[in-house]
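So you can see what is in the structure, the chains are spelled out below.
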Amino acid sequence: MFDVWKNVLAEIEQQISPANYSTWFAETSLLSTEDGEIKIGVKNSFHIKQLKTRYLDMITTALKNNNVPIKNISFEIKSLSKPKTRSREVFISNEVLKNRLKKIQKTNKESSAVQQTGLNNKYTLANFVVGSNNDLAVSAAKSIIDAPGTRFNPFFLYGGPGLGKTHLVQAIGNELIARNPDFKILYTPIADFYSDFIDAVRNGKGKEFNRKFRKLDCLIIDDFQFIMNKEQSQEEFFNIFNDLYQLNKQIIVTSDRLPNQIKSVDERLASRLTWAGAFDLQLPKFEDKCAILRTKAELMGYEIEPEAIEYIAENVNTNIRDLESEFSTIIFTSEVRGLTPLELINKGSVNINRPSKLRPASSKQIVEKVAKYYNLSVKEMCSKSRVANIKTARQVAMFILSKELSLSTNKIAAEVGVQDHTTVMHGIKKIENDLKLNFSLRDQIEEIKEKIYG
Amino acid sequence: MKIKVSQEKLSKALNNVSRIAVGKVTLPILNNVLIRVDKKKVSLITTNLDLAIIDYLPVSSSEDGVITVPAKLLAEFINNLPKGESIEFSTKDTKLTISAGKYSSIINGALADDFPEIPEINEKNAIIYKITTDEFKNSLNQVLIASSNDLTRPALTGVFFNTNDNTLAIAATDGYRLAEKKLIDKVESEVKAIVPSSSLQEVLRSISDDAEEIEIAFNDDLVRFRFGEVEIISKLIDASFPDYQKLIPKDNNISVKLNREELTRITKLAALFSRSVGGSIVCETKSPDKFSVKSIANEFGENDSELEANIDKEGKINLNSRFLLDALNALEEKEIIFSFSDRIAPILLKNKKDPKYTHIIMPLNS
């Protein structure tokens, strides 16, 4: 009987606007249909009045279409949004508890392996969500797992913070160990590599340090960008790198930018790191973000409505780490308040920081701020000058105007004083392409945005 | 539709109704005010689907019709027109043209068909009470302080209108304290209904000085407050209010008559030192003639102040200073009765003469 109501609602949803549907019908239920006496549960008397006067015909027709006999339709106040017993922890049975404890003990045991390899077994390929933002890197990772030390050696992986670099390389390490238990793997952030090296030299154990690394079958270096200005360790790293490479051992390096953009990285090293190509992790697109959240919800056993997932995905535009932390916050708040995530969002109790939508600046402000950032006057920047820095500033202004205010290219052309909207299209495209590789440009644009909204 | 009306009247009515027309993203039309002229009767209506405010506008001339326009925009536009200006509204499709002397503007509105229907009180079986606005306002303020905003316990987020022994009373509690005020004696019809505190706050904000009497009408699941030109219709809370009469202590064996102002002063002093312990203070009766309020010693120091009082029996009790201050603020007379028990029982506070107002506070564990 109650499935009938779902059909009825689906039919009504087709006929009225989403706003009206979610306001008037989302919280209705069918209480009884006995002897043609239809009873519908609604939120409050305002809803009764509205449904009776505006939607009674629609409801009657939809019920008839679903073969429900009708004599009379009445409404009753019955709120569906009463706090559900979602705080499942309270009602846990002993059995479940035991199982959970077992799980915890198990992971405790396994994590002792962390000390030797530096790998954390929570990172696996199975819980790494593949999307258009990272599929190349993932397929390379898979081919490394199948045949380490061959085609993608060294494997250089780069991308902004919180996009999954550490996850992916640790997953490679974990998979390699799973397949070849005798494999000697070491995962180390470059900073640890550096401090270990200093210690070793200080204690006169430089040779041992060297030997330890040369015995490895796979070396994973994380956060390589922090090698900056540490020339001695760079030299040591370079030597180890060369030796391992000669022996066809797998080397994996991550960084937030390409090696040639890291100041003070030796050119020889820089070119060698990207010998087999550089793979990047990009910002996830909307679909990717939804997929990530769905996987996370599934893994952690949370119930969350697709609409809520879409809301989060749409509003978090920074990186995956922020996406997950926002997700966890919402789940946590929803459990505490006893509301579903979607109810929470609809009540407006969810505040996702989104500076880019907070205070839309005017196009004039943006042009001024960009010009100021590059130490130009607005007149200079919006001139026809083809001097490189002025041209770049102009293109950055076009890019920001287009991204932040979604202005048409014609309008942007007028704002920055160029003749033709195709020039604007070219400018935006240029910046978009440069952004993929040029990290200082990325930083610059972030700084300008901060100034605009700050 | 056509209306001709003075700026003052229109501005006042719009400011009143536009307050609740905010922030419903789910149904944008709720940001609008519905302006309806029906047989020379002009009404301005807004709703947030928990309550509706209707303001009947006295106009000098009008023509029937209906439109909805953004409430805040219209209110602010009218507010900024010079006082004394005569304003004319006229509509064409969904556009509202406003002209007033040299000023004119056109506001894009929406079809009234999309505006929700406002439920009405069925006059035939409604239970109706009448009371002066002053007394109602005062009583509401005395009771609302004790209501809760904990949404997980819906019954406590409202004020309970109930009849007991032919007396209409209002009561509210947040689980730590309770306030009750007897409103009307010798009523004939009975009622038990919880009105959302948020709706009552709107009633308080809407009552203007020129309305003398307020009419309260209850229906199955609605309440309507009518005063002056304004009607406020609110949903009721669908929950059951605790049987609070049982909570009011009948046999507190320690009872002291105290000067309200002096007690307020020394409670505030003690409260200064009790912030770090959640406002907890100790009240103590000392024979033969001292009532003391002191803070529990902590890192900031301590405080102990005394009042002159007639003491029959010695005893002491811990309570939250903020709750005591709220209660003292809600009491009105110069002298009040403070009573408690040496067993675990709530503290009872009353005016010395007028028995209508009752305030009880749960003691803290010492």
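For clarity, every value in this text was computed on a predicted model and none was experimentally measured. (Residues numbered from 1 in each chain as written. Chains lettered and ligands numbered in written order. Predicted model: local features only at pLDDT ≥ 70, side-chain atom pairs only at ≥ 80, totals over all residues.)

K.L.:
Help me out: how do you make sense of the overall build of chain B in this one?
P.N.:
Broken down by element type, chain B carries six helices and 25 strands. A total of 366 residues make up chain B; the buried ones form 40% of that total. Partitioning the contacts of chain B with sequence separation of at least 6, the portion at a separation of at least 24 is 66%. (Helix = DSSP H or I, 4+ residues; strand = E, 2+ residues; numbered from the N terminus. Buried ≥ 20, exposed ≤ 12 C-beta atoms within 10 Å, placed from the backbone. Contact = placed C-beta atoms within 7 Å.)

K.L.:
Help me understand the overall build of chain A, please; the structure alone is not making it clear to me.
P.N.:
When helices and strands are counted, chain A shows 22 helices and eight strands. A burial count over chain A gives 30% of its 454 residues as buried.

K.L.:
Is there a simple way to explain the packing of helix α12 (residues 286–300) of chain A against helix α13 (residues 306–315) of chain A in this structure?
P.N.:
Residues and elements named next belong to chain A. It is at 9 Å that the axes of α12 and α13 come closest, and there the two elements cross at 130°. Classified by the angle between their axes, α12 and α13 sit oblique to one another. Where α12 crosses over α13, the two elements pack in a sense that is right-handed. Across from Phe286, Lys289, Cys290, Leu293 and Arg294 in α12, the residues of α13 making contact are Ile309, Glu310, Ile312, Ala313 and Glu314. Of the residues belonging to the contact of α12 with α13, the class tally is six nonpolar, no polar and four charged. (Axes fitted to C-alpha atoms, helices over the stretch in contact; angles between N-to-C directions. Parallel < 35°, antiparallel > 145°, perpendicular 65-115°, else oblique. Left-handed = near helix turned anticlockwise from the far one by under 90°. Nonpolar A, V, L, I, M, F, W, Y, C, P; charged D, E, K, R; others polar.)

K.L.:
Mind showing me how you'd approach the interface of chain B and chain A here?
P.N.:
Note: interface size is frequently given as the accessible area lost on complex formation between the parts. Each side of the interface is counted separately: chain B has 14 residues, and chain A has 17 residues. Its residues assigned to classes, the side of chain B that touches chain A shows seven nonpolar, three polar and four charged.

K.L.:
Before we go on, may I ask you to explain the confidence of the model for chain B in this structure?
P.N.:
Close inspection of predicted coordinates is inappropriate for parts of the model with low pLDDT. When pLDDT is averaged across chain B, the result is 90; 99% of the residues are at 70 or more. Here the prediction assigns the complex a pTM of 0.56, and the interface score ipTM is 0.80. (pLDDT = per-residue confidence, 0-100.)

K.L.:
Can you help me understand helix α6 (residues 135–146) of chain A in this one?
P.N.:
Along an α-helix, a turn takes 3.6 residues, which lines up residues three or four apart on a common side. Residues and elements named next belong to chain A. With twelve residues, α6 should cover 16 Å at 1.5 Å per step; its first-to-last C-alpha distance of 17 Å lies within 8% of that length. Ala137, Val138, Ala140, Ala141 and Ile144 are the residues of α6 that are buried. The arc enclosing the buried residues of α6, seen along the axis, measures out at 160°, which places them on a common side. Turned more than 90 degrees from where α6 packs its buried face, Asp135 and Asp146 sit exposed. Packed against the buried residues of α6 are β4 (155–158), α7 (165–179), β7 (250–255) and β8 (278–280). (Expected span 1.5 Å × (residues − 1). Arc of directions from axis to C-beta.)

K.L.:
What is the right way to look at the sheet that holds strand β6 (residues 218–222) of chain A in this model?
P.N.:
All names here are of chain A. In spatial order, the strands read β5-β6-β7-β4-β8; together these five strands make up an open sheet with parallel pairing. In the strand order of this sheet, the two ends are held by β5 (185–189) and β8, each with one partner. In this sheet, adjacent strand axes meet at a mean angle of 15° when their direction is disregarded. The sheet contact formed by β5 and β6 spans five bridges and is parallel. Counted as the bridge partner of Leu186 is Leu219 from β6. Strand contacts of helix α8 (residues 190–202): β5 and β6, with the helix running at about 95° to β5, the strand carrying the most contacts. (Pairing = 2+ DSSP bridges.)

K.L.:
Mind showing me how you'd approach the sheet that holds strand β1 (residues 29–32) of chain A here?
P.N.:
Paired through their backbone hydrogen bonds, the strands of a sheet run either parallel or antiparallel. Residues and elements named next belong to chain A. Pairing is mixed across the open sheet formed by three strands, whose spatial order is β1-β2-β3. The sheet is open, and its two borders are formed by β1 and β3 (72–77), each paired with just one other strand. Averaged over all adjacent pairs, the angle separating strand axes in this sheet is 35°, with direction ignored. Pairing geometry for β1 and strand β2 (residues 37–42), over three bridges, is antiparallel. From the neighbouring strand, Leu30 faces β2, where its bridge partner is Ile40. Running over the sheet, helix α3 (residues 45–65) touches β2 and β3 and is turned about 145° from β3.

K.L.:
When you look at unusual backbone geometry in this model, what are you seeing that I'm missing?
P.N.:
As a rule of thumb, non-glycine residues mostly have phi less than zero, and peptide bonds are mostly trans rather than cis. In this model, A:Asn153 is joined to A:Pro154 through a cis peptide bond whose omega is -5°. Relative to the helices and strands, A:Pro154 resides in the loop between α6 and β4. In this chain, B:Ser287 is followed by B:Pro288 through a cis amide linkage whose omega measures 0°. Turning to its location among the elements, B:Pro288 is positioned in the loop between β19 (280–286) and β20 (290–295). Located in the positive-phi region is B:Leu49, a residue other than glycine, with phi close to 70°. Along the chain, B:Leu49 falls in the loop between β3 (41–47) and β4 (51–57).

K.L.:
Teacher, can you tell me more about the pairing of β2(A) here?
P.N.:
Side chains on a regular strand alternate between the two faces of the sheet. Residue and element names in this part refer to chain A. Where burial is concerned, the two faces of β2 differ: the one with Ile38, Ile40 and Val42 is buried and the one with Glu37, Lys39 and Gly41 is not. Of the strand pairs in this sheet, β2 and β3 are connected by six bridges, and their pairing is parallel. Across the sheet, Glu37 pairs through a bridge with Asn72, a residue of β3.

K.L.:
In this structure, what is going on with the confidence of the model for chain A? I would like to understand it.
P.N.:
Averaged over every residue, the pLDDT of chain A is 80; residues scoring 70 or more account for 88%. Predicted confidence is poor over residues 354–358 of chain A, with pLDDT under 50, and the contacts of this stretch with residues over four places away or in other chains come to seven contacts.

K.L.:
Help me understand the packing of helix α20 (residues 409–416) of chain A against helix α21 (residues 421–437) of chain A in this model?
P.N.:
Describing two packed helices takes the angle between their axes plus the distance from one axis to the other. Residue and element names in this part refer to chain A. In the contact formed by α20 and α21, the axes pass within 8 Å of each other and the chain directions differ by 95°. Classified by the interaxial angle, the pair formed by α20 and α21 is roughly perpendicular. Each of Thr409, Asn410, Ile412 and Ala413 in α20 lies in contact with α21, whose residues at this interface are His421, Thr423, Val424 and Met425. Residue classes in the contact of α20 with α21 are distributed as four nonpolar, four polar and no charged.

K.L.:
Help me out: how do you make sense of the environment of B:Pro70 in this one?
P.N.:
Residue and element names in this part refer to chain B. Its location among the elements puts Pro70 in strand β6 (residues 65–70). When the 21 C-beta atoms within 10 Å are taken as the criterion, Pro70 is described as buried. Each C-alpha atom, one on Pro70 and one on Pro28, is 9.4 Å from the other, the two residues being 42 residues apart in sequence.

K.L.:
Which parts of the structure should I look at to understand the environment of B:Lys316?
P.N.:
Its place among the elements puts B:Lys316 in strand β22 (residues 315–320). Along the backbone, B:Lys316 and B:Phe291 are 25 residues apart, and their C-alpha atoms lie at a distance of 9.6 Å.

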